[in-house]
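Descriptive analysis of the structure
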Amino acid sequence: MMDSPHSASLSMEELHEAWPVLSIDERLEGFRLLPSSVADDFFLGLSAREQAELILHLPNSERRTWVRLLPPDDLADLVQAVEPEQAEALLSQLDDASRREVNVLLAYAEDDAGGLMNPRFARVRPDMTIDEAIGYLRKQAREKVETVYYAYALDAEQRLQGVLSLRQLFQAASDKKVADVMQHDVITVSENTDQEVVSQLFTEHGFMALPVLDEQNRMKGIVTVDDIVDVVQEEATEDIQKVGGMEALEAPYFEVGFFGMLKKRIGWLLVLFLGQMLTATAMGSFENAIERAVVLSLFVPLIISSGGNSGSQASTLIIRALALGEMRLKDWWRVARREVLSGLVLGIVLGAVGLGRIMVWQSVSGAYGDHAFLLGCAVALSVVGVVTFGTLAGSMLPLVLRRFGFDPASASAPFVATLVDVSGVVIYFSVASMLLRGTLL
């Protein structure tokens, strides 16, 4: 429990560290213990879901202050994080102009540029002098513009004509026109641009903000770098959860209910469980070989784990490369050649280690009988085949999913491992049947 409200004020760092494990009552108590000088910063640093939870537990007399502290894009996120009736209660705390801005943002998809943008941005006219533009920006900064990274030059119809940084603005001669200084070739995004594409543009160009335009080239707002940091974290979290073999969570771990968590996890587990049944079926096809040479079954875990591990590695590498834009679908042949060669080399190394282990153990204990070398060769060759197949399958499956419009992260490591397990059993017993026919088999 937090200290009582009568205790000394709490530091922002202390509350931030304890925040994930506190109940809502404890969070509210701790928040009220923060010095007023840091409370605003702490509140702005919370996620939209946490901000909404905190605000909804405040008295009505306090809600308005905190709701109006947020810029329109953050307010839209806040409204989307609560139930419809709660959303109405939050929107009722806003003035008419802010409510209109938020409602416009709510019309966009949450993961599009329109849903991320802030409609309040610094604007100037191309025909202004530099001194007029600086004075106009100063007035905007006092009234409503939250961040001023760049000034955007718009015509009378609000169409984007150019952009200039504050450095360019202050370095230019006072009597020059904005049009003489601004950059005319501007990188922009449309209202419907997906947030992943937007984040890639920020990564490639190092921008602090990107202008968002509609179909008529009218400027509707800006997406800022702090919004993209949240997007990158969200996308990475979703990909990691999918790679782990489950549906992506839509909230922090402790905020997902028990049955909600089960629902997110059971689907893929059932699919993978059914897939593993195919491994048992494949082994059943080689029942006679196992009966005649039980020693073969000792190496099944070694074979299938080698293939599963190599496939998981390849799948993870390709998924991340696709997410970062490091490769495109047309690169599939280059990827296939690279992964086949990698699989062969990795398989040879692992196979040699496996053969060496069998021969050393045979010399020490004689556990594998008179045909230990042939058995070791069967294991080594099977490892080469399974690892090569695993790396190829693990690298191609994300590309195939992307080709058909699915999320490559769905080619999760467990799914690839299950696929390779079945093929590994078939490869292993097929190789063993060929090499050991007439000896152990």
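Residues numbered from 1 in each chain as written. Predicted model: local features only at pLDDT ≥ 70, side-chain atom pairs only at ≥ 80, totals over all residues. Heavy atoms only, no water.

Per an unreviewed UniProt entry, the chain goes by Magnesium transporter MgtE and derives from Myxococcus landrumensis. Reading the Function (unreviewed entry) entry of the UniProt record for the chain gives the comment "Acts as a magnesium transporter." (UniProt positions renumbered as here; feature names shortened; annotations may be inferred.)

A word on the pairing of strand β6 (residues 219–224). Of all six residues making up β6, five are buried, and the element is well covered by its neighbours. The pairing of strand β5 (residues 209–213) with β6 spans five bridges and is antiparallel. Within the sheet, the bridge partner assigned to P211 lies in β6 and is I222. The turn linking β5 back onto β6 is made up of five residues, and N217 within it adopts a positive phi angle of 70°. (Buried < 20%, exposed > 50% of the residue type's maximum accessible area, 1.4 Å probe, protein only. Helix = DSSP H or I, 4+ residues; strand = E, 2+ residues; numbered from the N terminus. Pairing = 2+ DSSP bridges.)

Glancing now at the nonpolar core. The biggest cluster of nonpolar side chains holds 43 residues, and the ones touching the most others in it are F31, F43, V198 and V223. Per element, the largest residue contribution to this core is four residues, and it comes from helix α6 (residues 72–80). Beyond its immediate chain neighbours, meaning those up to four positions away, F31 contacts L15, A39, F42, F43, L54 and W66. Core analysis: the next-biggest nonpolar cluster, separate from the first, contains 28 residues, A378, V416, V420 and F429 among them. (Core = buried A, V, L, I, M, F, W, Y, C linked by side-chain atoms within 4.5 Å. Contact = heavy atoms within 4.5 Å.)

A full pass over the atoms with the stated rule returns ten aromatic pairs. Centre to centre, the rings of F43 and W66 are 5.1 Å apart; their planes meet at 50°, and the pair counts as tilted. Here F43 is found in helix α3 (residues 36–44), whereas its partner W66 is found in helix α5 (residues 60–67), with 23 residues between them in sequence. With relative accessibility at 1%, the residue F43 sits in the buried group. For W66, a relative accessible area of 12% corresponds to the buried category. Relative to F429, the ring of Y428 has its centre 5.0 Å away and its plane inclined at 50°; by these criteria the two rings are tilted. (Phe/Tyr/Trp six-rings, centres within 6.5 Å; stacked < 30°, edge-to-face > 60°.)

Within the UniProt annotation, "transmembrane region" (unreviewed entry) is assigned to residues 266–286, 298–319, 340–360, 372–401 and 413–436. A helix fraction of 100% and a strand fraction of 0% characterise residues 340–360, whose end C-alpha atoms lie 30 Å from each other. Between the end C-alpha atoms of residues 372–401 there is a gap of 43 Å, over a span that is 100% helix and 0% strand.

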